[in-house]
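Inside the fold
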Amino acid sequence: MFNPVSFRHVLEVWNAEEHLACMRSVLRDMESALGLEGAIVHDVPVLKVFPNASYAALWEDRWEEGHGVCQWTERGASAPSTHVHAPHGVGKVKVAGWVDLPRLLDALQALWAREGNVVHRRWERADGLPHGVDLLVDCRGVGATKELADGGVKVQPNHGDVLTLETPMFKGGLDTSGCNINHNAWLLPLGEVGGRMRWRLGATYGWNRLSWDPLPESEEFLLHRMAGAFHGPGLEEFRRAQVVAHEAGLRPASPDRRPMVGPWPGQPEGLAMINGLGTRGVLVGAAAALNLARWWLDGADLPTEVDPRRFRGFKK
Ligand SMILES: Cc1cc2nc3c(=O)[nH]c(=O)nc-3n(C[C@H](O)[C@H](O)[C@H](O)COP(=O)(O)OP(=O)(O)OC[C@H]3O[C@@H](n4cnc5c(N)ncnc54)[C@H](O)[C@@H]3O)c2cc1C
């Protein structure tokens, strides 16, 4: 998902405008190059359920202040669906959505395979720069944690679980007014699949868990948290949802929650990295890649905020 608004203090996330524009333009180009127009980026607004009156007042304050965050949002209102339980109202983020990354990756891989440019292999730092390669970009995420730590760069794994749910499509089925509901968790409508409505429900955050496996208790935890966003027939419909998948992953976070783009610590020129995309790879990834390309190809400076040399421990 992408969402330019941080709900904690109702503020824009870091570089929201630039990152959103870059993400959209790169993905639009990819969609058209791959013949997948409209199939990768899906615009779905987020409805933030206000947890209490003071949060509703904070949302309203942003409008009174004429705050920049309001370009992405609408004023607080009552819930647009009777299924949604929002006694203090809701705030809509109108510029948000999700990206079909599995479909994009499959299509890119098929394209590059046709061109003979895909090689599947592991890579470790000790492998260095393969023969004939000018630039190697290490994008191993959490897979690079140990080796990067030796170079003074910290990748902090954060474990997360998500569920895929299905509900009946017929009239009276769970109605979120076409929005992603955010309330202690989020519930994103993905669309119709085989005559049923498919949803993604997430996510958990765990700093001390290094396993890639889903945590069984997360299922109950997420269902319980989300149930609070519904009442009456909405709650009945939500409770009828069938869990069809439970998946997990490790987010590669950096200590200051900014990506790490540029040289690999203690390694010769030609070894580079993009890491630290954390919880926001979708929104930040395209801009991070552009920073790397401009640095390597055009000799542009890396923005200090993303340059891994900003960390004091970075091994020269
Ligand atoms: C539950 C959950 C929900 C999330 N939701 C969102 C969301 O809604 N929006 C968002 O923007 N972000 C979200 N994220 C975060 C997002 O997944 C990350 O930002 C993103 O995946 C980071 O991308 P990456 O390519 O740097 O690393 P990864 O996606 O982790 O990819 C690293 C790749 O490197 C490979 N690899 C590892 N070691 C080696 C090796 N030695 N040799 C070769 N290959 C190797 C791995 O197999 C993997 O394919 C979520 C994460 C989780 C866990």
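Just so it is clear, the model here is predicted, and its values are computed rather than measured.

Digging into the overall build of the protein chain
- A tally of regular secondary structure across the protein chain gives seven helices and 14 strands.
- The C-alpha atoms of the protein chain give a radius of gyration of 21 Å, which matches the 20 Å a tight globule of 316 residues would have.
- Viewed in the frame of its principal axes, the protein chain has a C-alpha envelope of about 65 × 45 × 40 Å.
- Looking at the protein chain residue by residue over its 316 residues, the buried ones come to 45%.
- Considering only contacts within the protein chain whose residues lie at least 6 apart along the sequence, 72% involve residues at least 24 apart.

Some words on the environment of Glu17
- Here Glu17 lies in helix α1 (residues 16-34).
- With 51 residues separating them in the primary sequence, Glu17 and Gly68 have C-alpha atoms 10.0 Å apart.
- Filtering out sequence-adjacent residues up to four positions away, Glu17 remains in contact with Gln71 and Trp72.

Quick notes on helix α5 (residues 217-227)
- Within α5, burial applies to Ser218, Leu222, Met226 and Ala227. Along the axis of α5, the buried residues cluster in a sector spanning 160 degrees; they form a single face. Residues of α5 that are exposed and angled more than 90 degrees away from the buried face: Glu217, Glu220 and His224.
- Buried residues along α5 sit against β8 (156-168), β9 (180-182), β10 (186-193), β11 (196-202), α6 (232-239) and β12 (242-253).

A few points about the domain arrangement of the protein chain
- For the protein chain, the domain assignment lists domain 1 (5-101), domain 2 (122-155 + 255-310) and domain 3 (162-173 + 182-253).
- Taken over C-alpha atoms, the centre of domain 1 sits 19 Å from the centre of domain 3.
- Opposite the eleven residues of domain 1 that make contact, domain 3 presents 14 residues.
- Buried area between domain 1 and domain 3, both sides added, is near 1000 Å², and the carbon and sulfur share of it is 58%.

Thresholds, definitions, all that
Residues numbered from 1 in each chain as written. Predicted model: local features only at pLDDT ≥ 70, side-chain atom pairs only at ≥ 80, totals over all residues. Heavy atoms only, no water. Helix = DSSP H or I, 4+ residues; strand = E, 2+ residues; numbered from the N terminus. Rg over C-alpha atoms; globule rule 2.2 N^0.38 Å. Buried < 20%, exposed > 50% of the residue type's maximum accessible area, 1.4 Å probe, protein only. Contact = heavy atoms within 4.5 Å. Arc of directions from axis to C-beta. Domains from an automatic or database assignment. Buried area = accessible area lost by both parts, 1.4 Å probe.

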